[in-house]
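# Observations on the model geometry
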Amino acid sequence: MKDFHYGFIACGNMQSILIRALLSSDFAPNASRIAIFEPNDANIKPFTELGCKRVFDYDDLIERSDIIFIGVKPQILPKVLSSIDADAIGPDKVFVSIVAGVTADFLSHALGDRCAVIRVMPNTPMLLGKGAIAIGSSAKASPEVFRLVFDLFSSCGLCREVDESLLNVATALNGSGPAYFYRLADDMAKFGADKGMDYDTALALAIQTMSGAAEMLRSSGKSPEELCRMVMSPGGTTVAAMNAFSEAGLDDAFSAGMQACLDRAEELAV
Ligand SMILES: NC(=O)c1ccc[n+]([C@@H]2O[C@H](COP(=O)([O-])OP(=O)(O)OC[C@H]3O[C@@H](n4cnc5c(N)ncnc54)[C@H](OP(=O)(O)O)[C@@H]3O)[C@@H](O)[C@H]2O)c1
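Residues numbered from 1 in each chain as written. Predicted model: local features only at pLDDT ≥ 70, side-chain atom pairs only at ≥ 80, totals over all residues. Heavy atoms only, no water.

## So, the environment of Met188
Defined as follows: Comment: elements are numbered from the N terminus, with helices defined as DSSP H or I runs of at least four residues and strands as E runs of at least two. Between buried and exposed lies partly exposed: a residue is buried under 20% and exposed over 50% of the maximum accessible area for its type, with that area taken using a 1.4 Å probe on protein chains only.
Among the secondary structure elements, Met188 is positioned in helix 8 (residues 177–194). Residue Met188 is classed as partly exposed on the basis of its relative accessible area, which comes to 36%. Taking the C-alpha atoms as reference, Met188 lies 7.2 Å from Leu203; in sequence the two are 15 residues apart.

Below you can see the structure in the form of structure tokens.
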């Protein structure tokens, strides 16, 4: 594997996980081959202590790096892009963006149209190595670099290659998805608490139910519908719950929430 140099524009929650994954990967570079632009002293300190190089200029970071990861908030991105000298970026550079909503085409254009851009939609369980990560196909990145990026994200969870046009859909699925389950766990626990169980006990039962159900979905080879049927004996309690969910419009509510997420991702792209 070529001795790549890596650049990170921001090392907040998500990119910190990636830098740690990179440093412990099979192809781990020496920390001195990782350059980071990050204004937040507290966020960058753990990495400068490990030997990563702090830089204060985007062009300097890009010049010294082969693969550049962008992980600023979408609202900050225009300011970052306007500070970069796109004319200086050649076809040898590969950018990897986890920024919600922003398409690879948009980024590639803003960065001078010669470099490759790989767009990725990860999620926060990456912190535990249990992320769900959608990675957009890239025609311009070499197979070697694409594989490296794929392997890096795979070390943080389950990685699937999808068409770049589906990255906003992935945002609504796995990017924002953890929050849907946190909210569901909270609703279930609050219900238990309303009925007299202490909240922590109810939350523990809800969490284990979610993780057990997820494991059944993963390992049983059965569809969600088949597994639902296994729990739903005719005239039983689960059927009563499922009917009430349908009557209350749960499916429509989920669909509306995910559509709002998708719409917002598309707005952020402008
Ligand atoms: N969090 C998620 O669940 C999730 C999931 C999928 C994708 N994403 C995407 O990942 C990206 C990062 O999210 P995050 O949760 O890691 O955010 P974050 O923790 O807020 O990290 C962003 C970092 O960027 C720094 N920063 C601010 N201005 C900067 C600049 N001009 N140049 C370079 N760095 C700058 C921030 O410093 P300060 O703290 O000083 O502002 C912060 O350390 C976002 O685009 C988001 O859409 C997030």
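That shown, we press on.
## A short note on the environment of Arg64
Stated formally: Here, two residues are considered to be in contact whenever any of their heavy atoms come within 4.5 Å of each other.
Locating Arg64 in the fold gives a position in helix 3 (residues 58–64). Put simply, Arg64 and Ala35 are 29 residues apart on the chain and 7.8 Å apart in space, counted from C-alpha to C-alpha. Leave out the neighbours within four places in its chain, and Arg64 touches His5, Ala35, Lys53 and Val55.

## What to know about the packing of aromatic side chains
We describe a pair of aromatic rings using the distance from one ring centre to the other and the angle between the two ring planes. How we decide: Aromatic rings from Phe, Tyr and Trp, with only the six-membered ring used for Trp, were paired whenever their centres fell within 6.5 Å, and each pair was classed as stacked if the ring planes differed by under 30 degrees, edge-to-face if by over 60, and tilted otherwise.
Applying the stated criterion to the full structure yields five aromatic pairs. Centre to centre, the rings of Phe37 and Tyr58 are 4.0 Å apart; their planes meet at 15°, and the pair counts as stacked. One end of the pair, Phe37, is in strand 2 (residues 34–37); the other, Tyr58, is in helix 3, and 21 residues separate them in sequence. With respect to class, Phe37 is no different from Tyr58; both count as buried.

## Focus on helix 9 (residues 199–219)
Our working definition: One less than the number of residues in a helix, times 1.5 Å, gives the span that helix is expected to have.
When the terminal C-alpha atoms of helix 9 are compared, their 30 Å separation across 21 residues agrees well with the 30 Å that a helix rising 1.5 Å per residue should span. The first or second residue beyond helix 9 is Gly221, which carries a positive phi of 75°.

## Regarding the layout of surface pockets
Let me state the cut-off plainly: Note on definitions: the grid is 1 Å and covers protein atoms alone; a cavity is a set of points where a 1.4 Å probe fits but cannot get out; a pocket is an open set with protein on both sides within 12 Å along at least five of seven lines; lining residues have an atom within 4 Å of a point. Grid points are joined across faces, edges and corners, and a volume is the space filled by probe spheres set on the points.
By volume, the largest pocket amounts to about 2700 Å³. Taken together, 48 residues form the lining of the largest pocket, with Phe181, Leu184, Met210, Ala213 and Leu217 sitting closest to its centre. The set of elements that each furnish at least two residues to the lining of the largest pocket consists of strand 7 (131–136), helix 7 (167–175), helix 8, helix 9, helix 10 (224–231), helix 11 (237–248) and helix 12 (250–268). Among the elements that take part in the lining of the largest pocket, helix 8 stands out by supplying eleven residues, more than any other. By volume, the second largest pocket amounts to about 860 Å³. For the second largest pocket, the lining is made up of 35 residues, of which Met14, Gly71, Val72, Lys73 and Pro74 are closest to its centre. Residue assignment for the lining of the second largest pocket shows that the elements contributing at least two residues are helix 1 (13–23), helix 4 (77–82), helix 7 and helix 12. Among the elements that line the lining of the second largest pocket, the one with the most residues is helix 12, at four residues.

## A short note on the domain arrangement of the chain
Note the threshold: In this document the domain limits rely on a domain assignment from an automatic tool or a database. As used here, buried area is the combined drop in accessible area, with a 1.4 Å probe, of two parts when they are placed together. The salt bridge criterion pairs a side-chain nitrogen of Lys or Arg with a carboxyl oxygen of Asp or Glu, the two atoms within 4 Å. Between N or O atoms, a polar contact is any pair within 3.5 Å; within protein, one atom must be a potential hydrogen donor and the other a potential acceptor, and residues adjacent in sequence are included only when both atoms are from side chains. Here the term charged refers only to Asp, Glu, Lys and Arg, the term nonpolar to Ala, Val, Leu, Ile, Met, Phe, Trp, Tyr, Cys and Pro, and the term polar to all other amino acids, Gly among them.
What the domain assignment reports for the chain is domain 1 (6–167) and domain 2 (177–268). Using only C-alpha atoms to locate each centre, domain 1 and domain 2 end up separated by 33 Å. Of the residues lining the interface, eight residues belong to domain 1; the matching set on domain 2 comes to five residues. When domain 1 packs against domain 2, close to 390 Å² is buried across both sides, 64% of that on carbon and sulfur atoms. Across the contact surface, domain 1 and domain 2 share zero salt bridges. Across the domain 1-domain 2 interface, the total number found is zero residue pairs in polar contact (both at pLDDT 80 or more). Among the residues making up the side of domain 1 that touches domain 2, the classes are represented as four nonpolar, four polar and no charged.

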